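Next come the chains, spelled out residue by residue.
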Amino acid sequence: ANNLFIIYMRNILFALVAIVISVTACTGNKEYEKPGDPLEAGREFIRFALDGDMRKAKAFIFPDAVNERLFNHIEKKYAAESQEEKNNDKDASIIINKFNSLNDSTAIINYSNSFKKENSEIKLVKVNGEWWIDFKYTFTGEPAEK
């Protein structure tokens, strides 16, 4: 009888551990949700890129072949930077020079950062309720395809 009690308690303990692990895994894997505001979405994209978190930055890139090719180029360029440059990027503050909301689904952010101090522009487009970065605009001035 004592052995049955030990087996029963061990099974309960395993069940509790399994529940704790599954609850922790579910809350820990909560999918990242992009901001609903174009300025905040742009800032997050810029921050992820400066921090070198290219996986998160890429989640903002409007999914088409040209945008993805341009982003891959930026990703390779970042990978080739020295560790000192990467650290300087991480430490840099984002400077928003101008935010221009063209309409309810298009915005332009002119920005620089405290390290490189070079002005750049990104275009954000809202597609299916999400804000995306249109890299074609940044590099070629072409609009995003919807």
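Residues numbered from 1 in each chain as written. Predicted model: local features only at pLDDT ≥ 70, side-chain atom pairs only at ≥ 80, totals over all residues. Heavy atoms only, no water.

Draft legend 1. Quick peek at unusual backbone geometry. Phi angles above zero are rare outside glycine, and Lys117 is one such case at about 55 degrees. Structurally, Lys117 can be placed in the loop between strand 2 (106–113) and strand 3 (120–127). Taking relative accessible area as the criterion, Lys117 reaches 62% and is therefore assigned exposed. The phi dihedral of Asn128 is positive, around 50 degrees, even though this residue is not glycine. Mapped onto the fold, Asn128 is located in the loop between strand 3 and strand 4 (130–134). Exposure remark for Asn128: the relative accessible area of 78% places this residue in the exposed category. (Helix = DSSP H or I, 4+ residues; strand = E, 2+ residues; numbered from the N terminus. Buried < 20%, exposed > 50% of the residue type's maximum accessible area, 1.4 Å probe, protein only.)

Draft legend 2. Local environment of the pairing of strand 2. Of all the eight residues making up strand 2, eight are buried; the element is thus mostly covered by neighbouring parts of the structure. The alternating pattern of strand 2 places Thr106, Ile108, Asn110 and Ser112 on one face and Ala107, Ile109, Tyr111 and Asn113 on the opposite face, and all of these are buried. Bridging between strand 1 (residues 94–103) and strand 2 involves eight bridges; their strand directions are antiparallel. Paired with Asn103 across the strands is Thr106, a residue of strand 2. Taken together, strand 1 and the strand that follows it, strand 2, pair antiparallel across an intervening segment of two residues. Linking two consecutive strands that pair antiparallel, namely strand 2 and strand 3, is a turn of six residues; a positive phi of about 55 degrees is found at Lys117 within it. (Pairing = 2+ DSSP bridges.)

Draft legend 3. Seen up close, the packing of aromatic side chains. Counted according to the given criterion, the structure contains five aromatic pairs. In textbook terms, an aromatic cluster arises when at least three aromatic residues are bridged by ring pairs, as seen for Phe45, Phe48, Phe60, Phe71 and Phe135. Looking at Lys34, its charged tip hangs above the ring of Phe60, at a distance of 5.4 Å from the centre. Its guanidinium or amino end placed over the ring of Trp132, Lys34 lies 3.3 Å from that ring's centre, counting from NZ or CZ. (Phe/Tyr/Trp six-rings, centres within 6.5 Å; stacked < 30°, edge-to-face > 60°. Lys NZ or Arg CZ within 6 Å of the ring centre and 35° of its normal.)

Draft legend 4. Representation of the confidence of the model for the protein in the model. Of all residues in the protein, 79% attain a pLDDT of 70 or more, and the chain-wide mean is 84. Of all helices and strands in the protein, the one with the weakest mean pLDDT is helix 1 (residues 2–28) (64), whereas helix 2 (residues 38–51) scores best (96). (pLDDT = per-residue confidence, 0-100.)

Draft legend 5. Geometry of the sheet that holds strand 4. Within the open sheet, the four strands sit side by side as 1-2-3-4. Their pairing is antiparallel. The open sheet is flanked by strand 1 and strand 4, the only strands paired with a single partner. Within this sheet the neighbouring strands show an average axis-to-axis angle of 25 degrees, counted without direction. (Axes fitted to C-alpha atoms, helices over the stretch in contact; angles between N-to-C directions.)

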